[in-house]
Amino acid sequence: MTSLSKMNREELLALKSELEAKYEDVKGKGLKLDMSRGKPAEAQLNLSMGMMDVLNSHSNLKGEEGVDCRNYGILDGIVEAKQLLGDMIEVPAENIIIYGNSSLNVMYDTVSRSMTHGVMGSTPWAKLDKVKFLCPVPGYDRHFTITEYFGIEMINVPMTPEGPDMDMVERLVSEDGAIKGIWCVPKYSNPQGITYSDDTVRRFARLKPAAEDFRIYWDNAYGVHHLYEDDQDYLIEILEECRKAGNPDMVYKFCSTSKISFPGSGVAAIAASEANLVDIRKQLTIQTIGHDKLNQLRHVRFYKDLAGMEAHMKKHADILRPKFEAVLEVLDRELGGADIGTWIKPKGGYFISFEAMDGCAKAIVAKCKEAGVTMTDAGATYPYGKDPHDSNIRIAPSFPTPEELAMAADLFVLCVKLVSIDKLLENK
């Protein structure tokens, strides 16, 4: 497409008139499409229906160690579930604690425990004058809402093609003892789909924080969520890098099967050093007698091992890949060369990140909603919902059908053009 920034005022007004007619036509169709969250589609949920059949009233419900999964006990998860999730995130089973269905719940608990009881004997954060977190941006909105809920001050750290700006991270954590953590989605990041480079991971492991209780919150949400079998990102393992760097206790690693099996009934886990796990178990002993062991057993019986999980994820990729490619094809065809937006082609994860012209994201999202397509709120990918450039928009292609997605993508680029033309006309 011709660069809109090179058009004169008359050309822009003529194009605007043409596009407004198309927009009114789309509004008349009464669309009701939701692209606001990275929800798996029904076809993806159907992939795991066999999990409902691996256990029944005649099944042997004892685990590998003879534990009756119907009964109380086993605080940190059955051994075979720890092995399966440990293999999934490349850590030894003994470094895993299994939780319920949601890794977000585990992250919330981890921050909450730090607020009320501190980290491994340090002062509880709630007793400190100030607590701060570093937040790579754009990032995952639900991370930011946790720290906001606890009144933790959030500091934006720009993302680069290799991960967070590590010069900034190193400087800030070494200078400010009030900085207690950093949120990270290190593989196929939400929303950009960026995977941290080897150098970035090693620099994380070698951090010299001023706070002894500083922790890296390593949310490995998309570790096995590749879109392409022959073109995948590789992420080196953070716990091992921290151990080698002499910082074994500096990281909490989170994961779940929420977008692998069923989002409503997956299995979540935290991986950390033994010293961290001892600290965490103190709370768990009070909080619960154990999480859902039958669900843990169900997952193990269904996937069997990492190879079974990887084969399952290829089926997910076969459903997701055409959707991502459909959106990217529309963006390339309709906006390529227009100079009114940029985007990244991810190799995995659940999102496409779009950068509009400064000051345009909220207007684009509002215009989409007016015509029947709900997007993630503009600003959601930044702490406090405040995108300083009002430019980032998170596109979630997973939930709509291919037909709905085609309509939504066409409407999206139409709204981008209309809002961008208005912005350009302001300066003409």
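Residues numbered from 1 in each chain as written. Predicted model: local features only at pLDDT ≥ 70, side-chain atom pairs only at ≥ 80, totals over all residues. Heavy atoms only, no water.

- As annotated in an unreviewed UniProt entry, the chain carries the name Aminotransferase and comes from Acetivibrio ethanolgignens.

**Section: the domain arrangement of the chain**
Okay, so step 1: Each assigned domain of the chain is listed here: domain 1 (4–44 + 311–427) and domain 2 (72–304).
Okay, so step 2: Inter-centroid distance (C-alpha atoms) of domain 1 to domain 2 is 30 Å.
Okay, so step 3: Listed as interface residues are 31 residues of domain 1 and, on the opposing side, 33 residues of domain 2.
Okay, so step 4: At the boundary of domain 1 with domain 2, total buried surface from both sides reaches about 2800 Å², with 60% on carbon and sulfur atoms.
Okay, so step 5: Its largest share of buried area at the contact with domain 2, domain 1 owes to Met313, Lys347 and Tyr384, together 24% of the area lost on that side.
Okay, so step 6: Summed over the shared surface of domain 1 and domain 2, the number is 5 salt bridges.
Okay, so step 7: Taking the shortest distance from any N to any O, the salt bridge between Asp141 and Arg394 comes out at 3.6 Å.
Okay, so step 8: One can count 13 residue pairs in polar contact (both at pLDDT 80 or more) joining domain 1 with domain 2.
Okay, so step 9: Elements supplying a minimum of two residues to the side of domain 1 that touches domain 2: α11 (306–335), β11 (352–356) and β13 (392–395).
Okay, so step 10: Sort the elements by how many residues they give to the side of domain 1 that touches domain 2 and α11 lands first, with 9 residues.
Okay, so step 11: Taken together, the residues of the side of domain 1 that touches domain 2 break down into 15 nonpolar, 8 polar and 8 charged. (Domains from an automatic or database assignment. Contact = heavy atoms within 4.5 Å. Buried area = accessible area lost by both parts, 1.4 Å probe. Salt bridge = Lys/Arg side-chain N within 4 Å of Asp/Glu carboxyl O. Polar contact = N/O pair within 3.5 Å; in protein donor to acceptor, adjacent residues only side chain to side chain. Helix = DSSP H or I, 4+ residues; strand = E, 2+ residues; numbered from the N terminus. Nonpolar A, V, L, I, M, F, W, Y, C, P; charged D, E, K, R; others polar.)

**Notes on the sheet that holds β13**
Okay, so step 1: Across the sheet, 3 strands lie side by side as β10-β11-β13; this open sheet has antiparallel pairing. One side of each edge strand has no neighbouring strand; the edge strands of this open sheet are β10 (341–343) and β13. Averaged over all pairs of adjacent strands, the angle between their axes in this sheet comes to 25°, without regard to strand direction.
Okay, so step 2: Pairing of β11 with β13 involves 4 bridges; the strand directions are antiparallel. Within β13, the residue paired with Glu355 across the bridge is Asn392. (Pairing = 2+ DSSP bridges. Axes fitted to C-alpha atoms, helices over the stretch in contact; angles between N-to-C directions.)

**Remarks on the pattern of salt bridges**
Okay, so step 1: Across all of its chains, the model carries 28 salt bridges by this definition.
Okay, so step 2: For Glu20, the salt bridge is made with Lys16, and the minimal N-O distance between the two is 4.0 Å. On the criterion of helical spacing, the pair formed by Glu20 and Lys16 is a turn pair, its members being 4 residues apart in helix α1 (residues 9–27).
Okay, so step 3: The salt bridge involving Glu170 is made with Arg203; its shortest N-O contact spans 2.8 Å.

**Quick word on the sheet that holds strand β6 (residues 179–184)**
Okay, so step 1: With mixed pairing, the 8 strands of this open sheet are ordered in space as β2-β9-β8-β7-β6-β3-β4-β5. Sheet topology places β2 (96–98) and β5 (163–164) at the edges, where each strand pairs with a single neighbour.
Okay, so step 2: Relative to strand β4 (residues 153–160), strand β3 (residues 132–137) is paired through 6 bridges, and the arrangement is parallel. From the neighbouring strand, Val137 faces β4, where its bridge partner is Pro158.
Okay, so step 3: Its contacts with the sheet place helix α4 (residues 103–117) against β6, β7 (215–219), β8 (251–256) and β9 (268–271), and it is angled at close to 155° to β8.

**As for the state of the cysteines**
Okay, so step 1: Taken as a whole, this structure holds 0 disulfides when the rule is applied.
Okay, so step 2: The closest cysteine sulfur to the non-disulfide-bonded Cys184 is located on Cys135, 9.9 Å from its own sulfur.
Okay, so step 3: Taking the relative accessible area as the measure of exposure, Cys184 reaches 1% and is therefore buried.
Okay, so step 4: Cys415 supplies the cysteine sulfur nearest to Cys360, a cysteine that is in no disulfide, at a spacing of 12 Å. (Disulfide = S-S within 2.5 Å. Buried < 20%, exposed > 50% of the residue type's maximum accessible area, 1.4 Å probe, protein only.)

**Some points on the pairing of β11**
Where a strand is regular, its side chains alternate between the two sheet faces.
Okay, so step 1: Within β11, 4 of the 5 residues are buried, which leaves the element mostly enclosed by the surrounding structure.
Okay, so step 2: Here β10 pairs with β11 via 3 bridges, running antiparallel. By the bridge assignment for β11, Gly341 is matched with Ala356.

**Considerations on unusual backbone geometry**
Okay, so step 1: Of note, the amide linkage connecting Val137 to Pro138 takes the cis form, showing an omega dihedral of -5°.
Okay, so step 2: Note that Pro138 resides in the loop between β3 and α5 (141–149).
Okay, so step 3: In this structure, the amide linkage connecting Asn190 to the following residue, Pro191, adopts the cis form with an omega of 10°.
Okay, so step 4: Positionally, Pro191 belongs in the loop between β6 and α7 (198–205).
Okay, so step 5: The backbone of Lys304 sits at a positive phi, close to 70°, despite the residue not being glycine.
Okay, so step 6: Looking at the secondary structure, you find Lys304 in the loop between α10 (293–303) and α11.
Okay, so step 7: Relative accessible area serves as the criterion here: at 64%, Lys304 is assigned to the exposed category.
Okay, so step 8: One non-glycine residue, Asp390, adopts positive backbone phi at about 45°.
Okay, so step 9: Here Asp390 shows up in the loop between β12 (373–375) and β13.

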